Amino acid sequence: MSSQIKALLLFANYTTRLSYYDDWLDAFKDAPQFHVSTLDICQRDAGQHLQQMMKEVELIVLLHSTNGDTTTYLEPLAPILSDRKCPLVTFVGNEVNLPGSPIAAKRDVFRVIQPDFIATQLLQEAGEFLWGDLVRKKVISVPHALNPTVFNIAPGARQRHIDIGVRAVRYLPHIGDQERNQIHDLFAHGDVPSYLNVDISTARLNREGWADFLRNCNATVSSQAGSWYLERNDETVEAIRAWTKKHYADGFIIIANDSPLRTWGHQLPWWARSFLRRILGHGMLRHESKVTEELPFDEIYEHFFKDRPRPKFYGKCISSRHFDAIGTETCQILVEGRYNDILQPDEHFIPIKSDFSNLLDVMAKFEDVPYRERMVRRTREYILEMHTYSARISELSDILMGVEEAC
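Okay, so let's go over this structure.

This brings us to the side chain of R392. In this structure, R392 sits in helix α16 (residues 389-401). Despite its burial, R392 pairs with no opposite charge; the closest candidate is E395, at 4.4 Å N-O. What R392 contacts, discounting residues up to four positions off in sequence, is W24, V142, P143, H144, A145, F323, I342, M386 and H387.

This brings us to the sheet that holds strand β8 (residues 198-201). The sheet built from 5 strands is open, its strands ordered β8-β7-β9-β14-β15 with parallel pairing. Looking at the sheet topology across the chains shown, the edges are occupied by β8 and β15 (350-352). Within the sheet, the average angular offset between the axes of one strand and its neighbour, ignoring direction, is 20°. Sheet topology places strand β9 (residues 217-222) next to strand β14 (residues 331-335); 4 bridges connect them, and they run parallel. Looking at β14, one finds that V221 is bridged to I333. Sheet strands in contact with helix α13 (residues 320-327) are β7 (162-167), β9 and β14, and its direction is about 155° off that of β14.

Moving on, we get to the sheet that holds strand β4 (residues 88-91). On the basis of which strands lie adjacent, the open sheet formed by 6 strands has the order β2-β1-β3-β4-β5-β6 and parallel pairing. The open sheet is flanked by β2 (34-40) and β6 (138-141), the only strands paired with a single partner. The mean inter-strand angle of the sheet, taken between neighbouring strand axes irrespective of direction, is 20°. The strands touched by helix α5 (residues 124-131) within the sheet are β5 (117-120) and β6, with β6 carrying the most contacts at an inclination of about 140°.

So, on to the packing of aromatic side chains. Counted by the stated rule, this structure contains 17 aromatic pairs. Following the ring pairs from residue to residue traces out a cluster consisting of W24, F28, F34, F91 and Y389. In this structure, R232 is placed above the aromatic ring of F129, and the distance from its NZ or CZ to the ring centre is 4.8 Å. Taking the ring centre of Y314 as reference, the NZ or CZ of R338 above it sits at 5.2 Å.

A few words on unusual backbone geometry. Positive phi, normally seen in glycine, also occurs at Y339, with a value near 50°. Its location among the elements puts Y339 in the loop between β14 and β15. Exposure remark for Y339: the relative accessible area of 0% places this residue in the buried category. A positive phi angle is found at D346, which is not glycine, with a value near 70°. Considering the arrangement of structural elements, one finds D346 in the loop between β14 and β15.

Each packed pair of helices is defined by two parameters, the angle between the axes and the distance between the axes. At a closest axis distance of 9 Å, the pairing of helix α1 (residues 19-30) and α16 adopts a crossing angle of 60°. By the angle between their axes, α1 is oblique relative to α16. Like other packed secondary-structure pairs, α1 and α16 cross with a definite hand, here right-handed. Each of Y20, D23, W24, A27 and F28 in α1 lies in contact with α16, whose residues at this interface are Y389, R392, I393 and L396. Across the contact of α1 with α16, the residue classes tally to 7 nonpolar, no polar and 2 charged.

What counts as what
- Residues numbered from 1 in each chain as written.
- Predicted model: local features only at pLDDT ≥ 70, side-chain atom pairs only at ≥ 80, totals over all residues.
- Heavy atoms only, no water.
- Helix = DSSP H or I, 4+ residues; strand = E, 2+ residues; numbered from the N terminus.
- Buried < 20%, exposed > 50% of the residue type's maximum accessible area, 1.4 Å probe, protein only.
- Lys, Arg positive; Asp, Glu negative; His and termini not counted.
- Salt bridge = Lys/Arg side-chain N within 4 Å of Asp/Glu carboxyl O.
- Contact = heavy atoms within 4.5 Å.
- Pairing = 2+ DSSP bridges.
- Axes fitted to C-alpha atoms, helices over the stretch in contact; angles between N-to-C directions.
- Phe/Tyr/Trp six-rings, centres within 6.5 Å; stacked < 30°, edge-to-face > 60°.
- Lys NZ or Arg CZ within 6 Å of the ring centre and 35° of its normal.
- Parallel < 35°, antiparallel > 145°, perpendicular 65-115°, else oblique.
- Left-handed = near helix turned anticlockwise from the far one by under 90°.
- Nonpolar A, V, L, I, M, F, W, Y, C, P; charged D, E, K, R; others polar.

Keep in mind these numbers describe shape, not what the thing actually does.
Right, here's the structure in full:
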């Protein structure tokens, strides 16, 4: 490879509501280590373009969007990618067993492509479990990072009007725990001081709207991303889907999460998707996602997770949302966890126990404004030094430059 790697970047442009998709794309485009060509695999003639563009590059990169929510756009290109003459690294989105975004589908398409490197968001041991048997060279742990160009602090002093704010979809019971849902519910409806301005909802924002929202919050609350329970074959999720169809979908016509209609829906503007989602949440015709959102967690847990041991590896990870909040100097109240061993409790976030037994201590720390402000400034300085997207790409480039020239 030359000193500046000629890279072909594949992405899937079907949503504006996942900011890290945009962050990784921008970071590669701006990286001095790479001379980048891009290809949106959602376009109809993507295969023809891919065959031509592959001849002129030294590296192929598949971003999270190519497989995160669906592998539909990637599957027709897999045989073409398997016939490449240069290294290929694929990132992985949604490394969790979910209806409509199965791990097994990602494994199937990777089995055809045979990536040289798979970049997992998870800790190394979990990434090895999911993908280690499908990679030619190695699995590398590449968590998300901070985009300081977008997620930054507003120039000049500005009052933040929301004390605790959240914009996040609820986790489905299929993952086997409710940590994130419960902490959101605690602050939205629980025993927090009534004088606090709390604004928590499942509304989805684009990248700029999300950054503006965070800049208007003194704090946000969350947990680690993902699940304690990871499977290569999605056996438990499929069992839950079958159980749901039998016990909760009787009398309805259900549009499956992995229905072919999904790609049609991706072509609609966001307002139209939101409208259809509301319509398909009621009546005889329903979308599977609306049915699963209403499933009782306790009943699902009792049937499928209660007596199931957790895997020995650690399946949860840090999220792009954690870095976004750090960039805007928004304090984080987070359920205790490892966070890829990047964030440390009481150093970078206010830790809350999973049973919320230390809530009074948490609120005392949050309302100590000097303490909170020192924490967010210290955390932002630390992340800017070591955990930006440009730093991640530099680390990845060092690994790739160690690979013998293959073109």
